[in-house]
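Architecture and fold: a report
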Amino acid sequence: HEKGAFTGADRQHTGAFERAHGGTIFLDEIGELPSSLQPVLLGVLERRRFRRVGGTLDIATNVRVVSATNRDLRAEVNANNFRLDLYYRTAVVTLHVPALRERAEDIPVLFEHFLRESGHAEPLENYVSRETIRSLTKHRWPGNVRELRNLVEATLALGIAPDPDVVSP
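What counts and how
- Residue numbers restart at each chain and count upward from 1, following the sequence in its written direction.
- Given that this is a predicted model, residues contribute local features only at a pLDDT of at least 70 and side-chain atom pairs are listed and counted only at 80 or more, while totals for whole chains, interfaces and linings are drawn from all residues.
- The side-chain values count all of the structure's non-hydrogen atoms but skip hydrogen atoms and water molecules.
- To sort residues, take the accessible area from a 1.4 Å probe on protein chains only and compare it with the maximum for the residue type: under 20% means buried, over 50% means exposed, and anything in between is partly exposed.
- The helix count covers DSSP runs of H or I at least four residues long, the strand count covers runs of E at least two residues long, and both are numbered beginning at the N terminus.
- Think of it this way: DSSP has to see at least two bridges between two strands before they count as a pair.
- Each residue gets a pLDDT score, which is the predictor's confidence in that residue and runs from 0 to 100.
- Lines are fitted to the C-alpha atoms to define the axes, a helix being fitted only along its stretch in contact, and any angle between axes, read from their N-to-C directions, falls within 0 to 180 degrees.
- The labels follow the angle: roughly parallel below 35 degrees, roughly antiparallel above 145, roughly perpendicular from 65 to 115, and oblique for the rest.
- Residue contacts are defined here by distance: any two heavy atoms, one from each residue, within 4.5 Å place the two residues in contact.
- Ten residues, namely Ala, Val, Leu, Ile, Met, Phe, Trp, Tyr, Cys and Pro, are considered nonpolar, four, namely Asp, Glu, Lys and Arg, are considered charged, and the remaining ones, Gly among them, are considered polar.

Next up on the list: the pairing of strand β1 (residues 24-27). The alternating pattern of β1 places Ile25 and Leu27 on a buried face, while none of Thr24 and Phe26, on the opposite face, is buried. Direction of pairing for β1 relative to strand β4 (residues 64-67): parallel, over a ladder of 4 bridges. Residue pairing for β4: Leu27 is matched across the bridge by Ser67.

Now the structure itself:
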């Protein structure tokens, strides 16, 4: 927005598309975008330009857009919850990443990754037993990888891996 565009706009604010100019912008959970904002996003993608709130000049943007969703956007289009033209604009290249429950062999690797990310370099076996890892591979992981990350953080905080079937909704 421009300075003075509305009450409290005491300075100019550079938005995400402007900051990403020349690079990549990641739109997480695009399937959750309200229908009122879908034409706005479509307009930026189609015209490759936008105008700040309160502004009079169009600003060109050159960005690569990567988006993610856990929804079936094609089904959302069919249910009139997602715009068809926005679907075609964003679904140029699609990549399906299976849910964690469909790739249980990744659990030990991801567990170790989250340990290292939290500053812990010791081997996985220093934190959880092989039996615990086997039990984690049988869990359904409704929260997907985020749920596993939370479990790793809980393990570090508690000193023992909580049972995901008890912790999960």
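Take the confidence of the model for the protein next. With 97% of its residues at a pLDDT of at least 70, the protein reaches an overall mean of 92. Within the protein, β1 carries the highest mean pLDDT (97), whereas helix α8 (residues 164-167) carries the lowest (64).

Now for the packing of helix α5 (residues 107-117) against helix α6 (residues 130-138). At their nearest, the axes of α5 and α6 sit 10 Å apart, and the two run at 110° to each other. Between α5 and α6, the angle is such that the two are roughly perpendicular. In contact with Ile107, Pro108 and Phe111 of α5, α6 contributes Ile133, Leu136 and Thr137. Broken down by class, the residue content of the contact of α5 with α6 amounts to 5 nonpolar, 1 polar and no charged.

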